[in-house]
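# Architecture at a glance
Spelled out from the first residue to the last, the chains are:
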Amino acid sequence: MAAPKVGIIMGSKSDLPVMQQAADILDDLGVSFELTIVSAHRTPHRMVEYAEGARSKGLQVIIAGAGGAAHLPGMVASLTTLPVIGVPVKSSNSIDGWDSILSILQMPGGIPVATVALDGAKNAGILAAEIVGATDNSIADNLQQYKDGLRDKVMESVKSLEK
Ligand code: RP5
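Residues numbered from 1 in each chain as written. Predicted model: local features only at pLDDT ≥ 70, side-chain atom pairs only at ≥ 80, totals over all residues.

Here is the rule we go by: UniProt positions are given in the numbering used here, feature names are shortened, and annotations may be inferred rather than shown by experiment.
The protein is annotated in an unreviewed UniProt entry as N5-carboxyaminoimidazole ribonucleotide mutase of Ekhidna lutea. Looking at the protein in UniProt, the text filed under Sequence similarities (unreviewed entry) is "Belongs to the AIR carboxylase family. Class I subfamily."

Right under this line is the structure:
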């Protein structure tokens, strides 16, 4: 098994149905990853340990998903020089996920988190693959094939509509 290049972390096991989509697309694109639970509020020391050790164990990108007062992506970004992609998870219906979105999106200057859409873990996986693929031609080739597939699907629809 190749050493993981992407770390996928989430605040709770209840985030897994969303975050699994990042894992699935990374699998499809041939990018090695690890996946675990790290809670900013409930396991803060584990969060510090994970973020501070991420680069030295070979990770190149971290995808962090959380809901509600979703401080995990921002706190991890404050503790590492690796790029962090934040996935706002819609964990409660009370305010339609705006709590998660704004907690992850509204970072102070100097500590960026690349925030994807609500429950947008699939795009987080693709973005992580693109970051890894910037210096890895075989992953870049897989991404190109994936994007060619998206184009072909649209063109099939165009053909079926126009005939
Ligand atoms: C956040 O609170 C987690 O990321 C999750 O989205 C939400 C609910 O967590 P659980 O109560 O299901 O553990 O910390």
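### Re helix H2 (residues 44-53)
Filter applied, for reference: Partly exposed residues are those whose C-beta has more than 12 but fewer than 20 other C-beta atoms within 10 Å; 20 or more makes a residue buried and 12 or fewer makes it exposed, with C-beta atoms placed from the backbone. Helix and strand assignments follow DSSP, with helices taken as H or I runs no shorter than four residues and strands as E runs no shorter than two, numbered in order from the N terminus. The arc in question is the one traced by the directions running from the helix axis out to the C-beta atoms. What counts as a contact here is a pair of residues whose C-beta atoms, placed from the backbone, lie within 7 Å.
Considered for burial, the residues of H2 that qualify are Met 47, Tyr 50 and Ala 51. In a view along the axis of H2, the buried residues occupy a sector of 90°, so they form one face of it. For H2, exposure combined with an orientation more than 90 degrees from the buried face picks out His 45 and Glu 52. Close packing links the buried residues of H2 with strand S1 (6-10) and helix H3 (72-79).

### So, the packing of helix H5 (residues 121-133) against helix H6 (residues 137-162)
Rules: The convention used is that axes are lines fitted to C-alpha atoms, helices contributing only their stretch in contact, and that angles between N-to-C directions extend from 0 to 180 degrees. Note on angle classes: values under 35 degrees are labelled roughly parallel, values over 145 roughly antiparallel, values of 65 to 115 roughly perpendicular, and the remainder oblique. Take the far helix as your reference; a near helix turned counterclockwise from it by less than a right angle gives a left-handed crossing, and one turned clockwise gives a right-handed crossing. Gly counts as polar in this scheme, as do all residues outside two lists: the nonpolar Ala, Val, Leu, Ile, Met, Phe, Trp, Tyr, Cys and Pro, and the charged Asp, Glu, Lys and Arg.
Running from N to C, H5 and H6 cross one another at 140°; their axes reach a closest spacing of 8 Å. Classified by the angle between their axes, H5 and H6 sit oblique to one another. Seen from above, H5 lies across H6 with left-handed handedness. Together, Ala 129, Glu 130, Val 132 and Gly 133 of H5 and Ile 139, Ala 140 and Leu 143 of H6 make up the contact between the two elements. Its residues assigned to classes, the contact of H5 with H6 comprises five nonpolar, one polar and one charged.

### Side note on the pairing of strand S3 (residues 61-67)
Under the convention used in this document: In this analysis, strands are considered paired if DSSP registers two or more bridges between them.
Across the seven residues that make up S3, a large majority, seven, are buried. Neither face of S3 is exposed, since Val 61, Ile 63, Gly 65 and Gly 67 on one face and Ile 62, Ala 64 and Ala 66 on the opposite face are all buried. With five bridges joining them, S1 and S3 adopt parallel strand pairing. Pairing of Met 10 across the sheet is with Gly 65, part of S3.

### Quick notes on the site of the ligand
Note the threshold: Whether a residue is near a molecule or strand depends on its C-beta atom, generated from backbone atoms, being within 6 Å of that molecule or strand.
All residues in the neighbourhood of the ligand are listed as Gly 11, Ser 12, Ser 14, Asp 15, Ser 39, Ala 66, Gly 67, Gly 68, Val 89 and Ser 91. Grouping the constituent residues of the shell around the ligand by class yields two nonpolar, seven polar and one charged.

### A short note on H6
Quick reminder of the rule: Expected helix span is given by 1.5 Å per residue-to-residue step, counting one fewer step than there are residues.
Look at H6: 37 Å from first C-alpha to last across 26 residues, which is about the 38 Å you get at 1.5 Å a residue. In terms of residue burial, H6 counts as a barely covered element, since only one of its 26 residues are buried.

### Here's the deal with the nonpolar core
For the record, the criterion: Each nonpolar core reported here comprises buried Ala, Val, Leu, Ile, Met, Phe, Trp, Tyr and Cys residues connected via C-beta atoms within 7 Å.
The biggest cluster of nonpolar side chains holds 45 residues, and the ones touching the most others in it are Val 6, Ile 63, Leu 72 and Ala 128. When residues of this core are assigned to their parent elements, the largest contribution, seven residues, is made by H5. Those residues within four positions of Ile 63 in sequence are excluded, and the remaining contacts are Val 6, Ile 8, Ala 22, Ile 85, Val 87, Ala 124, Gly 125 and Ala 128.

### As for the sheet that holds S3
Pairing is parallel in the open sheet, where five strands are placed in the order S2-S1-S3-S4-S5. In this open sheet, the two strands that pair with only one neighbour each are strand S2 (33-37) and strand S5 (114-115). Bridge count for S3 against strand S4 (residues 84-89) is six bridges, and the pairing is parallel. In the sheet register, Gly 67 faces S4, and the bridge partner there is Val 89.

### Some thoughts on the pairing of S1
Rules: The handedness of a crossover follows from its direction of travel: if, with the strands pointing away from the viewer, the path from the first strand over the helix to the second runs clockwise, the crossover is right-handed.
Extensive coverage of S1 is indicated by the burial of five of its five residues. Side-chain alternation along S1 places Val 6, Ile 8 and Met 10 on one buried face and Gly 7 and Ile 9 on a second face that is also buried. Two strands pair when backbone bridges link them, and S1 and S2 are joined in this way by five bridges, in the parallel orientation. When the sheet's bridge partners are listed, Ile 9 is paired in S2 with Thr 36. A crossover links S1 with its parallel partner S2, the connecting element being helix H1 (residues 16-28), and its sense is right-handed.

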